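An overview of the molecular structure
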Amino acid sequence: MSTGSRTQVAAARPPLNRERIIAAALRIIDDEGVDAVSMRRIAADLDVQAMSLYNHVRGKADILDGVTEYITTDLSLPLRFEGSWEDGVRTVAHNFRRSSLRHPRACELVLSRQLSSPTVLAPIDTVLSILLDRGFDEATAVHALRTFIAYQIGSLLREANASPTFSGTEEAAVRKRTARLAGCGFPAVERVAPVLAAVDFEAEFTFGVEMLINALRDYAPRQA
């Protein structure tokens, strides 16, 4: 390639910046998983030298933090909720699930990285405000927040990483799982085999959220 041709290619390529690097990392995660992300892999995707990335990010950990923050911004939560605390908690939980599962292979980042940026702290502040503004004491609000986070981590990681062999509601697959469970020799499992064989992740998630909300009512402030 001549010098003039290389100059034209460089001119046509958008300038390298943090946003392009994070977008490239997210593409790699969507296609291949978090473990595939490396500085060299991102550089190859962007057709640049790996060292040039360090002009815009501090390293791989910084990039993964950026991916987490990017996905978290998709929650689109209001600063304050009207209505009951139950409706507020319910809305946050389901918005968080939908946002996380738009990039299922990045789900573990959103759920497990410890960040302190305004982007990530905003939804935490929203949940705490929902509870505190409706009379929950500080300790209960924090315990409730952590309980819901723990539930979401387990539930969404299971959904994102579930093998098609052991999940879903597709009729033929459910029949196969039912037949396998019905002949396992464990009476309780055999009894519920048709139900156990079908996995509707949204319904399961909703059941868990409602169960936690019902449990939290025991800690809610009494109305005068």
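Counting from 1, residues in each chain are numbered in the order their sequence is written. Given that the model is predicted, a residue must reach a pLDDT of at least 70 before its local features are reported, and side-chain atom pairs must reach 80 or more before they are shown or counted; all residues, however, enter totals for whole chains, interfaces and linings. Water and hydrogen atoms were dropped before computing side-chain values, which therefore reflect all heavy atoms in the structure.

1. A closer look at the nonpolar core
Joining through side-chain atoms within 4.5 Å is the link that ties buried Ala, Val, Leu, Ile, Met, Phe, Trp, Tyr and Cys residues into a set, and such a set is a nonpolar core. Note on exposure labels: buried denotes an accessible area under 20% of the residue type's maximum, exposed denotes more than 50%, and partly exposed covers the range between, all computed with a 1.4 Å probe on protein chains only. I21, I29, I42, L53, V67, W85 and L131 are the most contacted members of the largest nonpolar core, which has 47 residues in total. Only runs of H or I of at least four residues qualify as helices and only runs of E of at least two qualify as strands under DSSP, and these elements are numbered from the N terminus. When contributions to this core are tallied by element, the ones reaching two or more residues are α2 (18–32), α3 (39–46), α4 (60–72), α5 (85–101), α6 (107–112), α7 (118–132), α8 (138–161) and α12 (201–216). Tallying contributions element by element places α2 first for this core, with seven residues. When sequence neighbours within four positions are dropped, the list of residues in contact with I42 reads I21, A24, A25, I28, V37, L53 and I63. We call two residues contacting when some pair of their heavy atoms lies within 4.5 Å.

2. Brief notes about α7
Given the number of residues in a helix, its expected span is that number minus one, multiplied by 1.5 Å. Between its first and last C-alpha, α7 extends 20 Å over 15 residues, near the 21 Å set by a 1.5 Å rise per residue. What α7 keeps buried is the set V120, P123, T126, V127, S129, I130 and L131. Its buried side turned inward, α7 meets α4, α5, α8 and α12.

3. A short note on the pattern of salt bridges
Salt-bridge detection follows one rule: a side-chain nitrogen of Lys or Arg within 4 Å of a carboxyl oxygen of Asp or Glu. Per the counting criterion, the structure on display carries nine salt bridges. Among the ionic pairs, D62 bridges to R58, the shortest N-O distance being 3.3 Å. Given the relative accessible area of 68%, R58 is considered exposed.

4. Observations regarding unusual backbone geometry
A positive phi angle, near 60°, is found at D47, a position not held by glycine. Structurally, D47 can be placed in the loop between α3 and α4. Residue D47 is classed as exposed on the basis of its relative accessible area of 53%.

5. Regarding the environment of I149
Residue position: I149 is located in helix α8. Overall, the relative accessible area of 33% leaves I149 in the partly exposed class. Taking C-alpha positions, I149 is 9.8 Å from I124, a pair spaced 25 residues apart along the chain.

6. Some thoughts on the packing of α8 against α12
For helices, the fitted line uses only the C-alpha atoms of the stretch in contact; every axis is such a line through C-alpha atoms, and the angle between N-to-C directions lies from 0 to 180 degrees. α12 packs onto α8 with a crossing angle of 165° between their chain directions and a minimal axis gap of 11 Å. Relative to α12, α8 is oriented roughly antiparallel. Note on packing geometry: the crossing formed by α8 with α12 is right-handed. Between α8, through T140, A144, T147, F148, Y151, Q152, S155, L156, R158 and E159, and α12, the contact on the second element is made entirely by F201, E204, F205, G208, V209, L212, I213 and L216. Within the contact of α8 with α12, the residues separate by chemical class into ten nonpolar, five polar and three charged. By definition in this entry, angles of less than 35 degrees are roughly parallel, angles greater than 145 are roughly antiparallel, angles of 65 to 115 are roughly perpendicular, and the rest are oblique. The sense of a crossing depends on the near helix, which, turned anticlockwise from the far helix by less than a right angle, makes the crossing left-handed and, turned clockwise, makes it right-handed. Three residue categories are used. Nonpolar comprises Ala, Val, Leu, Ile, Met, Phe, Trp, Tyr, Cys and Pro, charged comprises Asp, Glu, Lys and Arg, and polar comprises the others, including Gly.

7. Points about the environment of A61
Secondary-structure assignment places A61 in helix α4. Separated by 52 residues in sequence, A61 and R113 place their C-alpha atoms 10.0 Å apart.

8. Remarks on a nonpolar patch on the surface
Together, V192, V195 and L196 line one region of the surface with nonpolar side chains, adding up to about 270 Å² of accessible area. Tracing the backbone shows L196 in helix α11 (residues 193–197). Judged by its relative accessible area of 46%, L196 falls in the partly exposed class. For patches, a residue must show more than 30% relative accessible area and have no salt bridge; joins then use 9 Å for like charges and 5 Å for nonpolar side chains, namely Val, Leu, Ile, Met, Phe, Trp and Tyr. Working definition of accessibility: Shrake-Rupley area with a 1.4 Å probe, residue cover restricted to the visible protein chains.

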